[in-house]
Amino acid sequence: MNKHDPIPARIAALKTTPTPALRKQWRELFGTMPPPFNRRYLESRLAYRIQELTYGGLKPQTLKRLAKLGDELDGGDRLKSRIRADIKPIVGTRLLREWQGVEHLVTVTVDGYEWQGRPYKSLSAIARAITGTRWNGWVFFGLKNYRGRT
């Protein structure tokens, strides 16, 4: 890239481009209808596509390597591959919550969570075991506020 490269300016302009114009750019750059995702997703994918079309995409061997790594991660299971990797804290993370004067320690495991030496599939199940009532486990352990933002 040189100082006369228009690509950085084009990418910066995406932030202030009206959403209908972003959708139009999507149709032009991808040749498909834009997905029904949020604006930030459209901006990031358009920024990548602009660069990809200008400078070239990933090399075939890089794509093969990524596919191989993905298969190693999810065993080729198409359902697992669609689950976001960042929806759960990193394995080994310890969550501490005080409830009615008692501290409860939960450890994130590969398959879910562990509390008091027992495995659980969800934080909500642990919160229910602790409180005796239904809770959103992410809210209970302070990982998400009530408005749904992390």
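Scroll up to find the structure this text is about.
This report concerns the structure included in the present document.

Cut-offs and rules
Sequence positions are assigned chain by chain, starting from 1 and proceeding in written order. In view of the model being predicted, local features appear only for residues whose pLDDT reaches at least 70, and side-chain atom pairs are presented and counted only at 80 or more, with totals across whole chains, interfaces and linings using the full set of residues. Side-chain numbers here rest on the full set of heavy atoms in the structure, without hydrogens or water. Patches here: salt-bridge-free residues with over 30% relative accessible area, like charges joined within 9 Å, nonpolar side chains (Val, Leu, Ile, Met, Phe, Trp, Tyr) joined within 5 Å. Here the open area of atoms and residues is found with the Shrake-Rupley method and a 1.4 Å probe, where only the protein chains shown may cover a residue. Whenever Lys or Arg places a side-chain nitrogen within 4 Å of a carboxyl oxygen from Asp or Glu, that contact is recorded as a salt bridge. In DSSP terms, a helix is any run of H or I states spanning at least four residues, a strand is any run of E spanning at least two, and both are numbered starting from the N terminus. For two strands to be treated as a pair, DSSP must find no fewer than two bridges joining them. Only the stretch in contact is used when a helix axis is fitted, and all axes are lines through C-alpha atoms; the angle between N-to-C directions ranges over 0 to 180 degrees. The contact criterion used throughout is that any non-hydrogen atoms of two residues lie within 4.5 Å. Each Phe, Tyr or Trp ring, with Trp reduced to its six-membered ring, pairs with another whose centre is within 6.5 Å; inter-plane angles below 30 degrees give stacked pairs, above 60 give edge-to-face pairs, and intermediate values give tilted ones. Partly exposed describes any residue whose relative accessible area lies between the buried limit of under 20% and the exposed limit of over 50%, with all areas from a 1.4 Å probe on protein chains only and scaled to the type maximum. Counting as a charge over the ring demands two things of the Lys NZ or Arg CZ atom: a distance within 6 Å of the ring centre and an angle within 35 degrees of the ring normal. Crossing handedness is defined as follows: a turn of the near helix away from the far one that is anticlockwise and smaller than a right angle gives a left-handed crossing, while the clockwise case is right-handed. Polar here means any residue outside two lists: the nonpolar Ala, Val, Leu, Ile, Met, Phe, Trp, Tyr, Cys and Pro, and the charged Asp, Glu, Lys and Arg; Gly therefore counts as polar.

This part is about a nonpolar patch on the surface. A surface patch of nonpolar side chains, about 430 Å² in accessible area, is lined by Tyr48, Leu58, Leu63, Leu66 and Leu69. The element contributing the most residues to the nonpolar patch is helix 4 (residues 60–74), with 3 residues. Assignment of secondary structure puts leucine 58 in the loop between helix 3 (39–55) and helix 4.

This paragraph deals with the sheet that holds strand 3 (residues 113–115). Within a beta sheet, neighbouring strands are joined by backbone hydrogen bonds and run either parallel or antiparallel to one another. Here we have 4 strands laid out as an open sheet, ordered 1-2-3-4, and antiparallel in their pairing. Two strands lie at the open edges of the sheet, namely strand 1 (94–99) and strand 4 (118–120), each paired on one side alone. Across the sheet, the mean angle separating the axes of adjacent strands is 30 degrees when strand polarity is ignored. Bridge count for strand 3 against strand 4 is 3 bridges, and the pairing is antiparallel. Directly across from glutamate 114, in strand 4, lies its bridge partner proline 119. Strands strand 1, strand 2 (102–108), strand 3 and strand 4 of the sheet are contacted by helix 6 (residues 123–131), whose axis makes an angle of about 15 degrees with strand 3.

Attention now goes to the pairing of strand 1. Along any regular strand the residues' side chains alternate between the sheet's two faces. The sheet contact formed by strand 1 and strand 2 spans 6 bridges and is antiparallel. Directly across from arginine 97, in strand 2, lies its bridge partner histidine 104. Counted between consecutive antiparallel strands, the loop separating strand 1 from strand 2 contains 2 residues, among which glutamine 100 sits at a positive phi close to 50 degrees.

Tallied over the entire structure, the rule returns 8 aromatic pairs. Taking 5.9 Å as the distance between ring centres and 85 degrees as the angle between the ring planes, the aromatic pair formed by tryptophan 99 and tryptophan 135 counts as edge-to-face. Linking tryptophan 99 in strand 1 with tryptophan 135 in the loop between helix 6 and helix 7 (137–140), this pair joins segments that are 36 residues apart in sequence. Judged by relative accessible area, which is 23%, tryptophan 135 ranks as partly exposed. For the ring pair tryptophan 135 and phenylalanine 140, a centre distance of 5.0 Å and an interplane angle of 70 degrees mean the geometry is edge-to-face. On the basis of relative accessibility, which here comes to 2%, the residue phenylalanine 140 falls in the buried class. Three or more aromatic residues joined by ring pairs form one cluster here, namely Trp26, Phe30, Phe37 and Tyr41. Positioned above the aromatic ring of tryptophan 135 is the side chain of arginine 97, whose terminal nitrogen or guanidinium carbon lies 6.0 Å from the ring centre. It is arginine 97 that lies over the ring of phenylalanine 140; its NZ or CZ is 4.2 Å from the centre.

Another aspect to go through is the packing of helix 2 (residues 19–30) against helix 3. Two numbers describe how helix 2 lies on helix 3: the axes approach to 10 Å, and their chain directions differ by 35 degrees. The way helix 2 lies across helix 3 gives a crossing that is left-handed. Between helix 2, through Thr19, Leu22, Arg23, Gln25, Trp26, Leu29 and Phe30, and helix 3, the contact on the second element is made entirely by Arg39, Tyr41, Leu42, Glu43, Arg45, Leu46, Arg49, Ile50 and Leu53. Classifying every residue of the contact of helix 2 with helix 3 gives 9 nonpolar, 2 polar and 5 charged.

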